[in-house]
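# Geometric and topological summary
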Amino acid sequence: MRSEVLSAAAQKKIFLSPDALEMVLSNSHPMEFINTVLTTISANSMFVDKKDIMDCIAGDKIIFECPKTIAPKNKKNLDLKIMPGTDVTGESTCEGKINDFANFFKSRFYALKKLIESRRDFGHAMPIEKAIRLGRETKIIGMIYEKKDTKNGHVILKLEDDTGMCTVLISKDSPNIKEIFVTDEVIGVSGKSTSKGDLFIADEIFRPDIPKNNNWIASDSVSSVAFLSDVHVGSYTFLKNNWEKMIQWLKTNAYDSDIDYLVFPGDIVDGIGIFPGQEEELDILDIYKQYETLANYLKEIPDHIQIVIHPGNHDAVRLAEPQPALNEVFTKSFDSNIMMVSNPINIKVEGRTLLSYHGKSIDDWISGVQQLTYDDPIKVMEEMLKRRHLAPMYGQKTALAPEKKDYLVMENIPDIFVSGHVHGAGTGAYRGIKMINASAWQGQTEYQKMHNFNPDPAIMPIVHLGTGKMTMKNFNN
Ligand SMILES: [Fe+2]
Ligand SMILES: [Fe+2]
């Protein structure tokens, strides 16, 4: 920086004294400061000392008090990285063979078992095959193969580990009787097997969960991350006016409001052939043109903002999750500094862990669990966190690709967990984790009208990375 300041001065044939140089370097934006000084200082000055600078800026204190207003718009020190092992792009190995599925479920089981065994109140589990012969108090861990409610109000679970399967009884009098159980989630159970070994009577249920003492700890970060989910470019109901209002707002406010990161959690275009008769609801029928149109919209976003995009179920990439990043054939007109990543993805941004998942599995959670509804997607996200899994139910509407490891397991504890897909807008918190359902830029579709579903569009959620404060910036008016 020292040599850059000196050479900027030398180009104007001005030599800075050591105290003048120190003064310039002590400013938080030395280059902007020296350039302002050089354009203001008398044309016949050749040697400039600290007093000359003081005299020169005497009538213009704003340089010291508010250096940000003269800083260039693309020189922020951004700090965003993809967390290793969380992006499936280029790593996909599955061919859909039986063995792939066996390894995929094993990977899920071991990852979640490890999390349950790391709980201080659990310890080590006994293999199911051994536990059912033991006949005394013990703990087991297994994947739920089946759940049934009995006529008498009890719950029966078929639980499986790598040694065998057992039938777990949760009595109607148990405090766990009202809990939500879904197939293919992994749980720990303390209890005792009957003498015949045909039933394991549960005392307590343990989930991988988020530790109770997990918390948001404030940092000195001043930046914010904003989210634009479910843009659906190409749809007749894409909200162009609201979108343009939002872009104008970003142009005027993003820099000074320190909105430095922008994440798109999927469905960036409406796609083609997503559902029967979709073409009647499309404004742009060509998938390439949909992406090109979006690329042009994104060029309007201020340059200092780091953009991250991952696909959703409307995008032109395999439906099975994890979805790799969008292919270059669709994104060649996008600016090269936009990061294209997989769905889901873990991002480290200024020390915070951000988990972004489009949210297709929310459909399965809601159709499979009576207590969950489209009115409250945040509650669904909380259930995901408790199970440390984004889409446990195999064989439902959300296709899962049997990769070598299960990318839908939440191995890292996020600080921020965002999803979209259901076009709702909401925030919540669970054990220090900020949860966001990130709205949409598409109005009510025919399909939504038919199902009496009212979206919450044109809202941009913003999270401050230092304080964790969440703001829902509304562009409906
Ligand atoms: Fe969507
Ligand atoms: Fe979606």
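Because the structure is predicted, anything quoted here is derived from the model rather than measured. (Residues numbered from 1 in each chain as written. Chains lettered and ligands numbered in written order. Predicted model: local features only at pLDDT ≥ 70, side-chain atom pairs only at ≥ 80, totals over all residues. Heavy atoms only, no water.)

## Remarks on the pairing of strand β6 (residues 165-170)
Most of β6 sits inside the fold, with five of its six residues counted as buried. Both strand β5 (residues 155-160) and β6 contribute to a ladder of six bridges, which runs antiparallel. Pairing of I156 across the sheet is with L169, part of β6. Connecting β5 to the antiparallel partner β6 that follows it, the hairpin turn spans four residues. Two elements, β6 and strand β8 (residues 200-206), share two bridges in a ladder whose sense is parallel. When the sheet's bridge partners are listed, V168 is paired in β8 with F200. (Buried < 20%, exposed > 50% of the residue type's maximum accessible area, 1.4 Å probe, protein only. Helix = DSSP H or I, 4+ residues; strand = E, 2+ residues; numbered from the N terminus. Pairing = 2+ DSSP bridges.)

## Structural notes on the coordination of the iron ion (ligand 1)
Looking at the metal site, the iron ion (ligand 1) is ligated by D230 (OD), H232 (NE2), D267 (OD) and H423 (NE2), spaced 2.0 to 2.2 Å from it. Taken together, the four donor atoms coordinating the iron ion (ligand 1) and their angles of 88 to 175 degrees define a geometry best described as irregular. Counting residues between consecutive donors of the iron ion (ligand 1) along the chain gives the motif D-x1-H-x34-D-x155-H. A gap of 3.4 Å separates the iron ion (ligand 1) and the iron ion (ligand 2), which D267 links by coordinating each metal. Residue D267 is located in the loop between β10 (259-265) and α9 (287-299), and its partner H423 is located in the loop between β15 (416-419) and β16 (425-430); the two are separated by 156 residues in the primary sequence. D267 sits in the buried class, given a relative accessible area of 1%. For H423, a relative accessible area of 4% puts it in the buried group. (Donors = N, O, S within 2.8 Å, 3.2 Å for Na, K, Ca; no water. Tetrahedral: all angles 85-135°; square planar, octahedral: opposite > 155°, others 65-115°.)

## Observations regarding a nonpolar patch on the surface
On the surface, a nonpolar cluster with roughly 350 Å² of combined accessible area is contributed by F15, M46 and F47. Tracing the backbone through its elements, the reader meets F47 in strand β2 (residues 47-48). (Patch = residues over 30% accessible without salt bridge, like charges linked within 9 Å, V, L, I, M, F, W, Y side chains within 5 Å. Areas by Shrake-Rupley, 256 points an atom, 1.4 Å probe, with all protein chains shown as cover. Salt bridge = Lys/Arg side-chain N within 4 Å of Asp/Glu carboxyl O.)

## Thoughts on the coordination of the iron ion (ligand 2)
Summarising the metal site, the iron ion (ligand 2) is bound by the protein donors D267 (OD), N313 (OD1), H358 (NE2) and H421 (ND1), whose distances to it range over 2.1 to 2.2 Å. Around the iron ion (ligand 2) sit four donor atoms, and with donor-metal-donor angles ranging over 88 to 158 degrees the site reads as irregular. All donor residues of the iron ion (ligand 2) come from one chain, and their arrangement in sequence is D-x45-N-x44-H-x62-H.

## What about the sheet that holds strand β17 (residues 433-438)?
Taking strand neighbours across the sheet as the criterion, the six strands line up as β3-β13-β14-β15-β17-β16 in an open arrangement whose pairing is mixed. With one partner strand each, in any of the chains shown, β3 (80-82) and β16 form the two edges of the open sheet. When strand polarity is set aside, the average angle formed by the axes of neighbouring strands in this sheet is 20 degrees. Bridge analysis of strand β13 (residues 345-349) against strand β14 (residues 352-357) gives five bridges, and the strand direction is antiparallel. Bridging across to β14, K348 finds its partner in T353. The sheet strands contacting helix α12 (residues 377-387) are β14, β15, β16 and β17, and the helix crosses β17 at an angle near 135 degrees. (Axes fitted to C-alpha atoms, helices over the stretch in contact; angles between N-to-C directions. Contact = heavy atoms within 4.5 Å.)

## Describing helix α8 (residues 240-253)
Helix length check: α8, at 14 residues, gives a terminal C-alpha distance of 20 Å against a target of 20 Å (1.5 Å per residue), a fit within 8%. Packing partners of the buried residues in α8 comprise β10, α9, β18 (459-464) and β19 (470-474). (Expected span 1.5 Å × (residues − 1).)

## Re the pattern of salt bridges
In a structure, side chains of opposite charge can pair up when their charged atoms sit close to one another. According to the stated counting rule, one finds 22 salt bridges in the structure shown. With a closest N to O distance of 2.9 Å, R318 and E403 form a salt bridge. Highlighted residues: R318 in the loop between β11 (306-310) and α10 (328-331) and E403 in the loop between α12 and β15, separated in sequence by 85 residues. Of the residues examined, R318 reaches a relative accessible area of 27% and is grouped as partly exposed. Connected through shared salt-bridge partners, E179, E185, R207, K379, E382, E383, K386 and R387 make up one network.

## Focus: the packing of aromatic side chains
Inspection of every chain in the model, using the stated rule, returns 15 aromatic pairs. Where F101 meets Y394, the ring centres are 5.7 Å apart and the plane angle is 70 degrees; that geometry is what we call edge-to-face. Residue F101 is found in helix α6 (residues 98-117), and its partner Y394 is found in the loop between α12 and β15; the two are separated by 293 residues along the sequence. Here F101 falls in the partly exposed class, since its relative accessible area comes to 23%. Residues Y288 and F330 carry aromatic rings whose centres are separated by 5.2 Å and whose planes lie at 20 degrees to one another, so their mutual orientation is stacked. Taken as a pair, Y288 in helix α9 and F330 in helix α10 lie far apart in primary sequence, 42 residues in all. Assessed through its relative accessible area of 40%, Y288 is described here as partly exposed. These aromatic residues form a ring-pair network of at least three members: F238, W243, W249, Y297, W441 and F475. The ring of W216 has R352 lying over it, and the distance from NZ or CZ to the ring centre is 3.9 Å. Just above the ring of Y407 sits the side chain of K405; from NZ or CZ to the centre is 4.9 Å. (Phe/Tyr/Trp six-rings, centres within 6.5 Å; stacked < 30°, edge-to-face > 60°. Lys NZ or Arg CZ within 6 Å of the ring centre and 35° of its normal.)

So far we have only geometry, and geometry alone does not tell us how the molecule works.
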